[in-house]
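# Topology and contacts: notes
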Amino acid sequence: MGKRKSGPFSGQLIASNSKRNNFPTYFVIQRISNSNETFHNVSPFLVEKGITSSVGEVKSTKKLRSGDLLVEVESPKQAKQIVKLNSLSSIPVTVKPHATLNSSKGVISCGELLNESVEKITEELNSQGVTHVRRITIRRDGEILNTKHPILTFDSSKLPEHIKAGYMRLSVRTYIPNPLRCFKCQRFGHSKTSCRGTLTCARCAEVGHENTDCTRTEKCANCKGEHTSLSRNCFAWKQEKEIISTKIKKQISYQEARKLIKSQTPTPGNSYVSVFKKSTAPSFQTKPDIAADSSSKQSASTPSAPPAMTNQTSFPSVAPLCEKVSALPDLTDFKLVTSKKS
Ligand SMILES: [Zn+2]
Ligand SMILES: [Zn+2]
Ligand SMILES: [Zn+2]
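- An unreviewed UniProt entry annotates the protein as CCHC-type domain-containing protein originating from Araneus ventricosus.

Quick look at the structure:
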């Protein structure tokens, strides 16, 4: 274990990228208890001692909102040891790799891969840690077209900088999904099916009707600006995007990322809204609309420009499309102990 062995065609590339850890690093420790006891009422000293005495010093330990523990291990050896644990200082536990934190998603761009099936790409890149490939598509005149940008899921929380596809060396950029906007209440972060809000018009922000036949003045339900809730010039949309981006890049919880971004950006209602006033009609000319809003009427997008891929510098960025609910990693219960004061 440790350094990934060179695959058949990975050669020196992977060797030089040997910091890539291809073992699960995040584990969830859950108490086995008939009375649903969690770690909420266990002494932190006991937890710390239990972990250290069984696997040694770990990178971090956090308590999830559920009361389970999230442990980030340091080495492949610890990864092997920790899954075998069945008790922590005499408390019976089960240990599992975290469902989503041990993988990461990146985007590559390669015209030569346009006609290759995702199955074939997965198979060929598997030795470099790729476990799943999904192609970014754009909607154009009602037709769904493939792009040359496959999204790769890697078996590690750390993205490699490059991968090698046959003879081609391709850089891998962090994949940042677009904000998920509810088609019912227009708020971000959940979908229509799990909405507990009120039906709000995506065009005029009034409650009680859909935007289908609405001809009222445009008003955004999220930032109250003079644009529809679908607008990519929306302050709230951009902020949401930045939160998601920060969450992924810093590997922190949504709540933590939100706090961070909110503390850095001015609130809407002043400068931002007025800056965007002129350009906030559903003007998607400059950036092709390649979003997931399948129920929205934005299919006539310009196909020429490639979708802007969000990478390191991203404030007003448009990331690609066809995002479904499932594309958002579920980190809703991933919370720092320190943010829980009770
Ligand atoms: Zn909703
Ligand atoms: Zn309306
Ligand atoms: Zn807005």
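Back to the write-up after that little detour.
## A look at the overall build of the protein
- Within the protein, the secondary structure is distributed over seven helices and 11 strands.
- Of all 342 residues assigned to the protein, the portion counted as buried reaches 37%.
- Taking the intrachain contacts of the protein between residues at least 6 apart in sequence as the baseline, contacts between residues at least 24 apart amount to 59%.

## Some words on helix H2 (residues 44–55)
- Along its 12 residues, H2 runs 17 Å from first to last C-alpha, staying within 8% of the 16 Å computed at 1.5 Å per residue.
- Turning to H2, its buried residues are Gly50, Ile51 and Val55. End-on view of H2: buried residues confined to an arc of 90 degrees, all on one side of the axis. Opposite the buried face of H2, at more than 90 degrees from it, the exposed residues are Phe45, Thr52 and Ser53.

## Considerations on helix H3 (residues 76–84)
- Those residues of H3 not exposed but buried are Gln78, Ala79 and Ile82. With its buried residues spanning 105 degrees around the axis, H3 presents them on a single face.
- Contact partners of the buried residues in H3: strand E1 (26–31), H2, strand E3 (69–72) and strand E5 (91–97).

## Concerning the sheet that holds strand E6 (residues 104–107)
- In space, the four strands of this open sheet follow the order E7-E8-E6-E11, with antiparallel pairing throughout. On the outer flanks of this sheet lie strand E7 (130–140) and strand E11 (173–174), each paired with one strand and no other.
- Note: E7 against strand E8 (residues 143–154), nine bridges, orientation antiparallel. For Arg140, the partnering residue across the bridge sits in E8 and is Glu143.
- In the packing of helix H4 (residues 118–125) onto the sheet, contacts are made with E7 and E8, and the angle to E7 comes to roughly 150 degrees.

## Focus on the UniProt feature "domain: CCHC-type" (unreviewed entry) in the protein
- Under the local residue numbering, the UniProt record ascribes the feature "domain: CCHC-type" (unreviewed entry) to residues 181–197 and 200–216.
- Across residues 181–197, helical content stands at 0% and strand content at 0%; the span's end C-alpha atoms are separated by 12 Å.
- Here residues 200–216 runs as 0% helix and 0% strand, with 13 Å between its end C-alpha atoms.

## Comments concerning the packing of helix H5 (residues 235–250) against helix H6 (residues 254–264)
- Their axes nearest at 8 Å, the elements H5 and H6 cross at an angle of 125 degrees. If you check the angle between H5 and H6, you find them oblique. For the pair H5 and H6, the crossing hand works out as right-handed. Facing Gln239, Glu242, Ile243, Thr246, Lys247 and Lys250 of H5, the residues of H6 in contact are Tyr254, Ala257, Arg258, Leu260 and Ile261.
- Residue composition of the contact of H5 with H6, by class: five nonpolar, two polar and four charged.

The rules behind these values
Residues numbered from 1 in each chain as written. Chains lettered and ligands numbered in written order. Predicted model: local features only at pLDDT ≥ 70, side-chain atom pairs only at ≥ 80, totals over all residues. Helix = DSSP H or I, 4+ residues; strand = E, 2+ residues; numbered from the N terminus. Buried ≥ 20, exposed ≤ 12 C-beta atoms within 10 Å, placed from the backbone. Contact = placed C-beta atoms within 7 Å. Expected span 1.5 Å × (residues − 1). Arc of directions from axis to C-beta. Pairing = 2+ DSSP bridges. Axes fitted to C-alpha atoms, helices over the stretch in contact; angles between N-to-C directions. UniProt positions renumbered as here; feature names shortened; annotations may be inferred. Parallel < 35°, antiparallel > 145°, perpendicular 65-115°, else oblique. Left-handed = near helix turned anticlockwise from the far one by under 90°. Nonpolar A, V, L, I, M, F, W, Y, C, P; charged D, E, K, R; others polar.

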